[in-house]
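The lines below spell out each chain.
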Amino acid sequence: MDSPLRTLTMLASILFLLVRPATAHVAAWHKSMWCLNGTTPGVDNPNNREPGTPLYNLMYEDWWFHHINKCDEFPPAEGDFLDLPANGHFTIEHATDRAFTSLSYDGGMAGVYIDGKDHLDGLDGEGECIKVPNIHAQNESMAAGTAFAISYESELSKVNTDNLVVFTVLYNTPWRRLATYEVPNLPACPEEGCICAWGWIAEGCGQPNMYMLGFRCRVTGEPGHLPLAAPQSPLYCTDDKAASESALRKNPRCVKGAKKFLSWQQKSGNTVPENEWANKHTALLQFPGYNARMGFRNGA
Ligand SMILES: *[C@@H]1O[C@H](CO)[C@@H](O)[C@H](O)[C@H]1NC(C)=O
Ligand SMILES: *[C@@H]1O[C@H](CO)[C@@H](O)[C@H](O)[C@H]1NC(C)=O
């Protein structure tokens, strides 16, 4: 686009964003995602917020891959994959709106943080939950962690909680826009690719909801040969969300190895079991994030 036209388009969208109510939550953005253009057939919405709406108190069939607003019915374009280099890393963008990513306005409205701003003095709620942007944390150390899971099925309809395995966790996210995840020695995907899912459960600061989104992904580089083990339901196992790797290994309550995608506070399909041990601990502990509390270590 020519710059005068681009500037006009951007000004119009800034106005549009300013008058919208601040109900934004966070999504992970990449061209390989479901629901990239929004949920209106034939419309490409550069200010799309549909993928980031929270999931709460829903039946499995409604929260699974964000069916509640039909995100799961808008696949990525043919040939758009999230490339996962075996033993390498990949980067996605966390943002409250597609406008604030490189996928809209040639990245002209993207900033350091999830709301298109740079927050040069940092982002800190000084003990209180930060409401603008709605990042569900008081500061970076309270950001609960996000994860990507993979299923070796190529069709979304064949993915279920028993074949979707969490393979990478990034502690203290979502926080900044750019988020880089490590990839373990994953085996190759079928020709048509794998299905990946992004997940996030925040630690309080609002409704105890969760987030799930689909991506078409594939393993690149030199894939491993060992298939992934069947995932187990993760269990709350420590109140130290930054417990060291060796502490997690030694803790008999932590589920070792492949774990399921976290789902909780839904009417059905929860993978986080009600846990008496956890219920005896603090309210905070009961938020089952992608962190040490559920036995997840940072990284691949
Ligand atoms: C999104 O919209 C653009 C522009 O119309 C189009 O080229 C692209 O194929 C659409 N992507 C998907 C996944 O529908
Ligand atoms: C982050 O916020 C939490 C909760 O308010 C607080 O306990 C902690 O001290 C804060 N950490 C930093 C580094 O400010």
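To be clear, the structure that these remarks concern was listed above.
A brief look at the structure comes next. Computed from a prediction, not measured in an experiment: that's the story for all the values here.

### A short note on the pairing of strand 5 (residues 165-170)
- Burial of strand 5 is extensive: six of the six residues sit out of reach of the surface.
- Both strand 4 (residues 146-151) and strand 5 contribute to a ladder of five bridges, which runs antiparallel. Bridge assignment links I150 to a residue of strand 5, and that residue is V165.

### Observations concerning the site of ligand 2
- Close to ligand 2 lie G127, Q138, N139, S141 and M142.
- Separating an oxygen atom of ligand 2 from a backbone N or O atom of G127 is a distance of 3.3 Å.
- Contacts to ligand 2 include N139, whose side-chain N or O atom sits 2.3 Å from an oxygen atom.
- Broken down by class, the residue content of the shell around ligand 2 amounts to one nonpolar, four polar and no charged.

### Side note on the site of ligand 1
- Lining the immediate environment of ligand 1, one finds N37, D44, P75, P76 and A77.
- A distance of 2.3 Å is found between an oxygen atom of ligand 1 and a side-chain nitrogen or oxygen belonging to N37.
- Interatomic distance of 3.3 Å between a side-chain N/O atom of D44 and an oxygen atom of ligand 1.
- Notes on ligand 1: free accessible area 360 Å², of which the protein chains cover 43%.
- Here the shell around ligand 1 is built from residues that sort into three nonpolar, one polar and one charged.

Reading the values: the criteria
- Residues numbered from 1 in each chain as written.
- Chains lettered and ligands numbered in written order.
- Predicted model: local features only at pLDDT ≥ 70, side-chain atom pairs only at ≥ 80, totals over all residues.
- Heavy atoms only, no water.
- Buried < 20%, exposed > 50% of the residue type's maximum accessible area, 1.4 Å probe, protein only.
- Helix = DSSP H or I, 4+ residues; strand = E, 2+ residues; numbered from the N terminus.
- Pairing = 2+ DSSP bridges.
- Near = heavy atom within 4 Å.
- Polar contact = N/O pair within 3.5 Å; in protein donor to acceptor, adjacent residues only side chain to side chain.
- Nonpolar A, V, L, I, M, F, W, Y, C, P; charged D, E, K, R; others polar.
- Areas by Shrake-Rupley, 256 points an atom, 1.4 Å probe, with all protein chains shown as cover.

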